[in-house]
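Coordinates in review
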Amino acid sequence: MAHCGLQQAELLLLLQILLAITACSLLPSYTGAYTSNHTAGVPPVPCLPDQAAALLRLKRSFTVTNYSAIAFRSWRAGTDCCRWMGVRCGYNGGLVTFLDLGGRGLKSGGLEPALFDLTSLRVHSISSVISFVEQSLEKLIAKLHNLRELNLGFVDLSNNKSHWCNIIARSCPKLRVLSLPFCQVSGPICGSLLSLRSLSVIDLQYNMLSGPIPDFFSNLSDLSVLILSYNKFQGWIPPAIFQHKKLVTIDLYLNHGISGYLPNFTNSTTSLEILNVGRTNFSGTIPTSIGNLTSLKRLGLGATSFSGELPSSIGTLKSLSELEISGLGIVGFIPSWVANLTSLTILEFSDCGLSGPVPSFVSNLTKLQKLALCDCSFSGEIPSYISNLVQLQTVLLYSNNFIGKMEFTFFRKLTHLSILDLSNNDLVVVDGANDNPLASSPKLNFLRLSHCNISTYPNFLRNQDQITWLDLSYNQIHGAIPKWAWDTFPNFPSVINLTNNKLTSVGYAPFLPVHSWKLDLSYNMLEGFIPIPLGPALLLDYSNNKFSSLPSNFSTHLHEVGVFKASSNKLSGKIPLSFCDVINIQMLDLSYNNFSGSIPSCLMENVNGIESLKLKENKLTGQFPDNIKERCSFEALDFSGNWIGGQLPRSLVNCKNLEVLDIGNNQISDYFPCWMNTLVRLQVLILKSNKFFGQVVPSTSDEKDHCKFPTLRVLDLASNNFSGTLTKAWFTKLKSMIVKSENVPPVTEYLGIYKITTLITYKGFDVTISNTLWSLVYIDISSNAFCGSIPESIGVLAMLNMVNMSRNSLTGPIPSQLGRLSQIEALDLSFNELSGTIPQELASLDFLSTLNLSYNKLEGRIPESPHFMTFSHRSFLGNNGLCGPPLSKECIDTASPTVVSHHSVKKSVDIMSFLFTGSGFGAGFAIAVVMSWRMPTRK
C-alpha cells in the first residue's frame, strides 16, 4: 500500500542517515507523566556516597564526545549528586529516585552494572542513548521494584525475544510509564502486562511486535497514552479502546494487519487529542460524531479502506493541527470545510479518490508546515499561492495529474522548505527564468523529481549542499553530470538516485568525492570506469550501462557495501578477486557481462558472507569450485547462461539457507542431485539446458527416501538427458506444491532490492520473474527422455500454476486427476505418445488459459465448455484421431457432446497479468518480461 511520504524501506534508510548525522533525541519524553507531582526543588538531605559513586561509574561507561561533556558537566565528585543534571532524589535519605539521560546524544557500548545499585529509582530514562550492544532486560531492571518510569529508546533488547513483556511485569509492579521505542522487541504483548494497573503511558513504536492488540488495554483505568505504531500487529481492534475516558493519545499507525472501525464518539469522549489509524486496514465510514472530539489536535485517518463522504463535522475541530485522510472510496473534491481549520500545520490527503484542482481556500491555511496531496487524482496546475505559505517545510504532491511547467524559482520564498516531492505527474520541471543559483533559496534535505520530464541536470542544485536524498530518476537528463554536482553533496551519507536517464558521463573518474549510502546510476549510457564513492556506501547499482572496467583498487572503498549491482554492462576479463575482500557484501550481481575464466574460488568459499551471488549470462568456463565452507550464507545462486562444466559441487550441502539455485544453460554433466534434499529451505531448483542424465527418481527404496524436496516450488529440468519413469510416490513428496506453506519464508530482500530473478518458459513466453512472484509454482521436465505414463498422483499438486512435460516419450492416457489442479494456468503435454481421449475434467479448469496437447495419439471428441472453446486449433494439431471444435474435422458419432458448465464465481486472475503489473511488498515492484513466442514444431 502506497503512502503519502516515504516508503517504509526508504524511511528506515533515511532514519539511519539521520542517526549518522546527529545523535539528538528523535522521541518524545514522558517523564512529565510522573515527575510533575514528584519532587519539587532539592531535598534537604544530600545524596548518599554510594549513590554518587554508582552515577560516576555510569558516567564513565559512555563514550567521550562533545555531547557527553555537556550532559555530564555538573557530574563532579565531591558535589551533591541530587543537584546533578538529570538526577533527582526523594525525601527518603539521599536516595536517587529519578534519572533522565534521554535526548542528549549519548553513546554507549553497553549499560554499566552500577545502574543496578540505584534501587530506589522510580524514573529511569536512557532514551536516545544509541547502543548497538544487546542488553539483558532482566539484569537491567531486576532490582528496580520501585520504578515508575522506564524509558529505553534505541537500546537493543532483541536478545530478550518475546520474554521482555513478562520480565517487565514481574520486575516493575509499580510502573506507570513504559517507553521502549526502537528497541527491536518482538513477539506478542503478554497478558501479564495487565497486572501493571497503574500504567498511564505505553510507547512501543518502531519494534517488531506481532499478534493481536490486547483487549485489556481498555481496562487500564489510568491509560492516557497508547503508541503502537510501526509494528506488525494483526487482528481486530475492539472499538471500546477509542472510547476510553482518560485516553489522550492512541497511535496505531503502520500496522497493516490490524482492522476495525471507528465507533460512535459521544459528547463524554472528550479527552482524545491524538487519534491515528493511518496505514492500517481500518474500514467503513468516518462517523459524523468525530466532531464530538473537541480536544483533537492530531487526526490520522490514512487507511485506504475508508469510504463514504467525509463528515463536515471535522471542520468544527478548531484545535486540530494535523489532519491526514486516505480512502480509495472517498471521492469528490477537497471539502470546503477544510477552510475552517486555520490552526492546521499538517494537511494530508493520500491514496484517495479525491480529484479536481487544489482549491483556493488552502491559501488561508497560513500555519501549514506540511502539505501532502499525493496518490490521488488531483489535476490542473500547481497553484501559485502555495509559494505564499511561507511556513511550509514539507511539500508532497507526487502521483497525481498535475500539469504545466514548474520553475524551481517557484519555491524560493519557502525558506523553511526541506522536503519536496513532485514526482509522477505530467509536469515539466525547469530551473526557471533568470535563475541565479547564488540567490536565496531553501536548503532541501529531501528532493524527489522522478518522472518530471527534466532534460538537463538542474542548475538549481548548485546551491543545494544539504541534500541527504536526491531522486532524479526516470527523466531525460542527457550528457555528463556536472563536476560541481558531486562537490555540492554534504560530507555525510546521502541517497542519490539517477536511474533511467540518458547520462553518458559521471564527470569524475574513477572515484566520486561523495559519502553515498545508496547510489543508483542504473539504466543510463555511462561508459568507462565504474565510479566508486570515496566515502561509505551501502548500495551501489551500476546495472544496464556501458561500463567496461573497474578501478584496480576499488575494494578498498567498499568496506560498508551490502549490495553491488553491475549487471548488463561491458565488463570483461576475469572476475576480480578483490570482490572477496568486501567483507560486508550481501548481494553481488555481475550478470549479463563478458566475464570469462572460472568462478573465483574465494567467492564460492563464501568467506565474506555473500547471501546472493548472480553471475548469469557471462562467458564463464571451467568447473564449480568445491570448497564451500560450513555455515555458508548463500541464499540465492544464479550461474545460468555460461559454459561451466563438470559436476555440481557437493559442498553446496553446507548452504543450509539456500533458497534458489539456478544453473540453467551450462554444460553440467551430472546425476540428479538427490543429495541436495538436506537443503530444507530450497524453493527454486533450475537445472535446464545442461547435460544431466539418468533417472530423477531413484530405483531403490533407500534412495527414494533420500530424494525428498518438501519446500520446492519451482522445478525446471527441461532440455537435459534425464530418463526413466515418473513415479507416484515422487510427486507426493513435493509438499509445497500440494498445500501452501506458511512457514517457508520468501527469498529475502535487502533494502528493497530483490536478490534473484529467473528466466522461465511460461505459456509459450520466456519470462523473467523476480521473487515478488515466488507464489508461482511450476514443474518443467520438457525435452528429456522420460517414458511411461503420467502418474495419477500429479493431481495432488494443487498449488501448480504450470506443467510442461512436452517432448518426451510419455505414453498412456492423460490422467483425469489433472482436473484437480484448480490453480493451473498452463499445461503443455505436446510431442509425446499419449493416447486415449482428452479427459472431460480438463474442461472445468477455470484458470487454464494455455493448453498444448499437439502431436500425440489422442482420439475422440474434444471436450466442450465456454472456457475450453477459447483454445486455438494449434493446441490439438498432430492428433489424427481428434475431432470437433476448434478442429475442422467433424465427429461422425451421433452422441451429443457433453458441455461442461462453469459454476465457479471466481474471477480468473491470470498470473501473467501480475508479471506485467508487478506485485510484492507494498511498493508494487514491477517485473521485467522478455517475450519470444514459441510455436509448436515437429522434432
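Just so it is clear, the model here is predicted, and its values are computed rather than measured.

1. Overview of the overall build of the protein
Helix and strand counts for the protein come out as eleven helices and 60 strands. Burial statistics for the protein: of 939 residues in total, 56% are counted as buried. Intrachain contacts of the protein at a sequence separation of at least 6 include 59% that bridge at least 24 residues. In the structure as shown, the protein presents an accessible area of about 36,500 Å², 53% of it carried by carbon and sulfur atoms.

2. Considering helix α6 (residues 164-171)
Of all eight residues in α6, six are buried; the element is thus mostly enclosed. For α6, the full list of buried residues reads W164, C165, I167, I168, A169 and S171. On its buried face, α6 sits against α5 (137-141), β4 (149-151), β5 (177-179), β6 (186-187) and β8 (208-211).

3. Looking at the sheet that holds strand β41 (residues 619-620)
Strand order in the open sheet formed by three strands is β37-β39-β41, with parallel pairing between adjacent strands. Every interior strand has two partners, whereas the edge strands, β37 (572-574) and β41, have only one. Two elements, β37 and strand β39 (residues 594-597), share three bridges in a ladder whose sense is parallel. When the bridges of β39 are listed, G573 appears paired with F595.

4. A look at the state of the cysteines
In protein chemistry, a disulfide is the covalent bond that joins the sulfur atoms of two cysteines. Counted under the stated rule, the structure contains eight disulfides. With a sulfur-sulfur separation of 1.9 Å, C580 is cross-linked through a disulfide to C602. Across the disulfide from C580 to C602, rotation about the S-S bond amounts to roughly 70 degrees, and the bridge is consequently right-handed. One end of the pair, C580, is in the loop between β37 and β38 (587-589); the other, C602, is in helix α8 (residues 601-605), and 22 residues separate them in sequence. A relative accessible area of 9% places C580 in the buried class.

5. Comments concerning the packing of aromatic side chains
Taken as a whole and assessed by the stated rule, the structure comprises 30 aromatic pairs. On the numbers, 4.2 Å between centres and 10 degrees between planes, the contact of F182 with Y206 is stacked. You can see F182 sitting in the loop between β5 and β6 and its partner Y206 sitting in the loop between β7 (201-203) and β8, a full 24 residues away along the chain. Centre to centre, the rings of F722 and F786 are 6.4 Å apart; their planes meet at 15 degrees, and the pair counts as stacked. One end of the pair, F722, is in strand β47 (residues 721-725); the other, F786, is in strand β53 (residues 785-788), with 64 residues separating them in the sequence. One aromatic cluster in this structure is built from F672, F692, F709, F722, W730, F731 and F786. The ring of F98 is capped by R88, whose NZ or CZ atom sits 4.7 Å from the centre of that ring. The ring centre of F831 lies 4.2 Å from the NZ or CZ of R807, which sits over that ring.

6. Regarding the sheet that holds strand β10 (residues 232-236)
Taken together, the four strands give an open sheet; going across it, the order is β6-β8-β10-β12, and neighbouring strands pair in parallel fashion. The open sheet terminates on both sides in strands that have one partner only, identified here as β6 and β12 (257-259). As defined by bridge partners, β10 adjoins β12 across three bridges and the pair is classed as parallel. Within β12, the position partnered with G235 by the bridge is I258.

7. Thoughts on the environment of L354
Inspection of the secondary structure assignment puts L354 in strand β18 (residues 346-356). Assessed through its relative accessible area of 1%, L354 is described here as buried. In this structure the C-alpha to C-alpha distance between L354 and G332, which are 22 residues apart in sequence, comes to 5.0 Å. Beyond its immediate sequence surroundings of up to four residues, L354 is in contact with I330, V331, G332, F333, F349, C376, S377 and F378.

8. Describing the nonpolar core
Of all hydrophobic cores here, the largest spans 246 residues; its most connected members are F217 and F564. Counting residues per element, this core draws most heavily on helix α3 (residues 49-60), at five residues. Those residues in contact with F564 that lie beyond four places of it in its chain are I532, L540, Y542, L550, L558, F579, I585, M587, L588, D589 and L590. By size, the runner-up hydrophobic cluster in this structure holds nine residues, among which are V660, V684, V714 and L776.

9. A word on the pattern of salt bridges
Tallied over the full model, the rule gives 16 salt bridges. K614 is the partner of D589 in a salt bridge, and the nearest nitrogen-oxygen pair spans 3.6 Å. Linking D589 in strand β38 with K614 in strand β40 (residues 612-614), this pair joins segments that are 25 residues apart in sequence. When its relative accessible area of 5% is taken as the criterion, K614 is described as buried. Overlapping salt bridges, with partners in common, bring together D421, R448 and D471 in one network.

10. What to know about unusual backbone geometry
For the bond running from P885 to P886, omega is 10 degrees, close enough to zero to count as cis. Inspection of the secondary structure puts P886 in the loop between β60 (881-883) and α11 (911-917). One non-glycine residue, Q184, lies in the positive phi region at around 60 degrees. Of note, Q184 is situated in the loop between β5 and β6. Residue S568 is not a glycine yet carries a positive backbone phi of 55 degrees. Following the sequence through the fold, S568 ends up in the loop between β36 (563-565) and β37. Overall, S568 belongs to the partly exposed group, its relative accessible area being 24%.

11. A closer look at the side chain of T280
Note that T280 resides in the loop between β13 (274-276) and β14 (283-285). At 2.7 Å, the side chain of T280 and the backbone oxygen of V277 are in polar contact. At 3.3 Å, the side chain of T280 forms a polar contact with the backbone nitrogen of F282.

12. Overview of the side chain of S387
Mapped onto the fold, S387 is located in the loop between β20 (377-381) and β21 (394-396). Beyond its immediate sequence surroundings of up to four residues, S387 is in contact with F410, K413 and L414.

13. Here's the deal with the pairing of strand β57 (residues 833-836)
When strand β55 (residues 809-813) meets β57, the two strands line up parallel, connected through three bridges. What sits directly across from T811, in β57, is E833. In the sheet, β57 pairs with strand β59 (residues 857-861) via two bridges, with the strands oriented parallel. For S835, the partnering residue across the bridge sits in β59 and is K857.

14. Description of the confidence of the model for the protein
Interpretation of the predicted coordinates at a detailed level should be avoided for regions scoring low in pLDDT. Overall, the prediction assigns the protein a mean pLDDT of 83, with 82% of residues at 70 or greater. Below a pLDDT of 50 lies the segment residues 902-939, which in the model reaches 89 contacts outside its immediate sequence neighbourhood of four places, other chains included.

15. Quick notes on α3
Helix length check: α3, at twelve residues, gives a terminal C-alpha distance of 17 Å against a target of 16 Å (1.5 Å per residue), a fit within 8%. Where α3 is buried, its residues meet β1 (87-89) and β2 (96-100).

16. Let's talk about the environment of L503
For L503, the position within the fold is in strand β29 (residues 502-505). Considering only alpha carbons, one finds L503 and Y523, 20 residues apart in sequence, at a separation of 8.9 Å.

17. Observations concerning the environment of L392
Following the sequence through the fold, L392 ends up in the loop between β20 and β21. L392 sits in the buried class, given a relative accessible area of 0%. Put simply, L392 and L414 are 22 residues apart on the chain and 6.4 Å apart in space, counted from C-alpha to C-alpha. Once residues within four sequence positions are removed from consideration, L392 is found in contact with L368, Q369, K370, L371, I386, L414, H416 and L417.

Parameters at a glance
- Residues numbered from 1 in each chain as written.
- Predicted model: local features only at pLDDT ≥ 70, side-chain atom pairs only at ≥ 80, totals over all residues.
- Heavy atoms only, no water.
- Helix = DSSP H or I, 4+ residues; strand = E, 2+ residues; numbered from the N terminus.
- Buried < 20%, exposed > 50% of the residue type's maximum accessible area, 1.4 Å probe, protein only.
- Contact = heavy atoms within 4.5 Å.
- Areas by Shrake-Rupley, 256 points an atom, 1.4 Å probe, with all protein chains shown as cover.
- Pairing = 2+ DSSP bridges.
- Disulfide = S-S within 2.5 Å.
- Phe/Tyr/Trp six-rings, centres within 6.5 Å; stacked < 30°, edge-to-face > 60°.
- Lys NZ or Arg CZ within 6 Å of the ring centre and 35° of its normal.
- Core = buried A, V, L, I, M, F, W, Y, C linked by side-chain atoms within 4.5 Å.
- Salt bridge = Lys/Arg side-chain N within 4 Å of Asp/Glu carboxyl O.
- Polar contact = N/O pair within 3.5 Å; in protein donor to acceptor, adjacent residues only side chain to side chain.
- pLDDT = per-residue confidence, 0-100.
- Expected span 1.5 Å × (residues − 1).

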